[in-house]
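# Results of the structural survey
Letter by letter, the chains look like this.
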Amino acid sequence: MGTARGFTHAVGFDDAPFRREHRGDVPVIGTRYVGPVLHGVMRGQVRRDGRNSTAELAQLVNTHGHGAGLIFLQGIALAGFNVVDLAALHAATGRPVLVVARRRPDLDRIRTALLAHVPGGARKWRLVQAAGEMEPCAGVFVQRCGLGLPAAEAAVRQFALSGRIPEPLRAAHLIAAGITPGVRSRQRV
């Protein structure tokens, strides 16, 4: 839960790497932290370029989140372009949501890809727009729902134990890469 000093509990989610030609479900890994200590790992799945990421994450948090005060996401989309509705996730869980990225995404490229190549791309583009521009925050870029920028900065600093990426995301990324044999991870942590 959030306190004057920050959040004591958080969950972080990342998707597993997948081959470009893959269609179907992609594993999503969540890690639950109490302070700097890993307290749990959860696994779900979302459809490649689908629409179920918000519902899947809400179900995972509400079933396995045990007191999580904050939800970290490694990007606004999972499994390609399965875009998370930040406001709906916040409403469904009652927890603030903080999307973290190393660099500001190229929104023109994302818009073009969504509108030209992805089923339901116009709806997904509206979700990206509704989340707002990513803003600089403690050495990374964030989108946020349910918390102000000062609280977001405090959370990133509090949970970034080994580099700039918060530990719940770093651990989820490493676990997701580890459960997917033969597919290289796309990003360093």
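Relevant structure appears above.
Here is a short report on the structure shown in this document. Keep in mind that what you see is a predicted model, and the values were worked out from it rather than measured.

## Some words on the pairing of strand S3 (residues 9–15)
If a strand is regular, its side chains alternate between the two faces of the sheet. A large share of S3 lies buried, amounting to six of its seven residues. Alignment of S3 against strand S4 (residues 25–34), held across seven bridges, turns out to be antiparallel. In the sheet register, Asp15 faces S4, and the bridge partner there is Val28.

## Looking at helix H4 (residues 121–131)
Those residues of H4 that sit buried are Gly121, Lys124, Trp125, Leu127, Val128 and Ala131. The arc that holds every buried residue of H4, seen down its axis, measures 155 degrees, which confines them to one face. Those residues of H4 that are exposed and angled more than 90 degrees off the buried face are Arg126 and Ala130. Those residues of H4 hidden inside the fold are in contact with strand S8 (82–83), helix H2 (86–93), helix H3 (107–117) and strand S11 (140–145).

## Some words on helix H6 (residues 167–178)
Every α-helical turn comprises 3.6 residues, leaving residues that sit three or four positions apart pointing alike. Between its terminal C-alpha atoms H6 stretches 16 Å, which fits the 16 Å expected from twelve residues at 1.5 Å a residue. All buried positions along H6 are accounted for by Glu167, Pro168, Leu169, Arg170, Ala171, Ala172, His173 and Ala176. Against the buried residues of H6 lie S3, S4, strand S6 (70–73), strand S9 (97–101) and helix H5 (149–159).

## Brief notes about the packing of H3 against H4
Between H3 and H4, whose axes approach to 8 Å, the crossing angle comes to 155 degrees. With respect to H4, the element H3 is oriented roughly antiparallel. Between H3 and H4 lies a crossing whose hand is right-handed. Contact residues: H3 offers Leu107, Ile110, Arg111, Leu114 and Leu115, while H4 offers Gly121, Ala122, Lys124, Trp125 and Val128. Looking at the contact of H3 with H4 residue by residue, the class counts come to seven nonpolar, one polar and two charged.

Parameters and conventions
Residues numbered from 1 in each chain as written. Predicted model: local features only at pLDDT ≥ 70, side-chain atom pairs only at ≥ 80, totals over all residues. Heavy atoms only, no water. Buried < 20%, exposed > 50% of the residue type's maximum accessible area, 1.4 Å probe, protein only. Helix = DSSP H or I, 4+ residues; strand = E, 2+ residues; numbered from the N terminus. Pairing = 2+ DSSP bridges. Arc of directions from axis to C-beta. Contact = heavy atoms within 4.5 Å. Expected span 1.5 Å × (residues − 1). Axes fitted to C-alpha atoms, helices over the stretch in contact; angles between N-to-C directions. Parallel < 35°, antiparallel > 145°, perpendicular 65-115°, else oblique. Left-handed = near helix turned anticlockwise from the far one by under 90°. Nonpolar A, V, L, I, M, F, W, Y, C, P; charged D, E, K, R; others polar.

Interpretation in functional terms is not warranted from these geometric data alone.
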